[in-house]
Amino acid sequence: MAALIDLCVVGALLGLLYSGLVLSLLALNPGSFRFPALDLVFSGAVGFVVAVLYLAGCWSVSGCTVGSVAMGLRVVGRRSGRLKPLTALLRGVACVVFPVGLLWVALDRHRRSLQDIVFGSRVIYVRPC
């Protein structure tokens with residue numbers, strides 16, 4: 001559920017970026033304005049970068065994304081502290097590239113995802129961040 005909420009947040013961020021692009025183009029050349037047509041590769045690359053930076057930034061600063069706050073979760077490192085920025089970035093890439101790895105929590109007796117096992121992180125239950 002937290003991942004779905006975070007997916008909506010990333011979608012909203014992408015919408016804001018597109019709106020900013022539209023408004024910038026309108027401000028620069030209002031006479032011949034047209035809505036920009038973005039191709040699939042560019043949009044996918046921007047979506048990937050936004051998702052990874054969103055996850056990594058949230059995890060390295062507070063351990064909580066919007067979705068994890070809603071669900072009462074926090075991502076912590078090996079010693080229950082915040083994730084280091086590089087670890088958070090690599091874990092973010094792994095979560096975006098291989099989201100199916102998150103489903104491993106249903107099979108692992110310690111409730112760890114494949115990303116948690118690889119990067120030494122844990123997801124714990126907490127009061128709201």
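Residues numbered from 1 in each chain as written. Predicted model: local features only at pLDDT ≥ 70, side-chain atom pairs only at ≥ 80, totals over all residues. Heavy atoms only, no water.

Per the UniProt entry, the sites bearing "transmembrane region" (unreviewed entry) are residues 7-28, 48-76 and 88-107 in this numbering. Between the end C-alpha atoms of residues 7-28 there is a gap of 32 Å, over a span that is 100% helix and 0% strand. The distance separating the terminal C-alpha atoms of residues 48-76 is 23 Å; by composition the span is 69% helix and 14% strand. (UniProt positions renumbered as here; feature names shortened; annotations may be inferred. Helix = DSSP H or I, 4+ residues; strand = E, 2+ residues; numbered from the N terminus.)

The end-to-end C-alpha distance of helix α4 (residues 85-97), which contains 13 residues, comes to 18 Å, matching closely the 18 Å that a straight helix rising 1.5 Å per residue would cover. Where α4 is buried, its residues contact α2 (40-61), β1 (73-76), α5 (114-119) and β2 (122-125). (Expected span 1.5 Å × (residues − 1). Contact = heavy atoms within 4.5 Å.)

We now examine the nonpolar core. One finds Val10, Val50, Ala51, Tyr54, Leu55, Ala56, Cys58, Trp59, Val75, Leu83, Ala88 and Cys95 forming the largest nonpolar core, which totals 12 residues. Of all the secondary structure elements, the ones that give two or more residues to this core are α2 and α4. Of all the elements, α2 adds the most residues to this core, at seven residues. Beyond its immediate stretch of four places on either side in the chain, Val50 contacts Val10, Leu13, Leu14 and Leu17. (Core = buried A, V, L, I, M, F, W, Y, C linked by side-chain atoms within 4.5 Å. Buried < 20%, exposed > 50% of the residue type's maximum accessible area, 1.4 Å probe, protein only.)

With that settled, consider the UniProt feature "domain: RDD" (unreviewed entry) in the protein. The UniProt record annotates "domain: RDD" (unreviewed entry) at residues 1-118. In this annotation, residues 1-118 is assigned 62% helix and 3% strand; the end-to-end C-alpha distance for the span is 22 Å.

Across the interface, helix α1 (residues 2-28) lies against α2 with an axial gap of 10 Å and an inter-helix angle of 125°. Here α1 lies oblique to α2, going by the angle between them. Both α1 and α2 take part in a crossing whose hand is right-handed. The residues of α2 that touch α1, namely those facing Asp6, Val9, Val10, Leu13, Leu14 and Leu17, are Val46, Gly47, Val50, Ala51, Tyr54 and Leu55. Considered class by class, the residues forming the contact of α1 with α2 number 10 nonpolar, one polar and one charged. (Axes fitted to C-alpha atoms, helices over the stretch in contact; angles between N-to-C directions. Parallel < 35°, antiparallel > 145°, perpendicular 65-115°, else oblique. Left-handed = near helix turned anticlockwise from the far one by under 90°. Nonpolar A, V, L, I, M, F, W, Y, C, P; charged D, E, K, R; others polar.)

With that out of the way, let us pick up the packing of aromatic side chains. Within this structure, the stated rule accounts for one aromatic pair. Ring geometry for Phe33 against Phe35: centres 5.2 Å apart, planes inclined by 70°, an arrangement best described as edge-to-face. Judged by its relative accessible area of 24%, Phe33 falls in the partly exposed class. (Phe/Tyr/Trp six-rings, centres within 6.5 Å; stacked < 30°, edge-to-face > 60°.)

As a further point, take the side chain of Asp6. Note that Asp6 resides in helix α1. Only 2.7 Å separates the side chain of Asp6 from the side chain of Thr65, close enough to count as a polar contact. In this structure, Asp6 is in contact with Tyr54, Leu55, Thr65, Val66 and Gly67, ignoring residues within four places of it in sequence. (Polar contact = N/O pair within 3.5 Å; in protein donor to acceptor, adjacent residues only side chain to side chain.)

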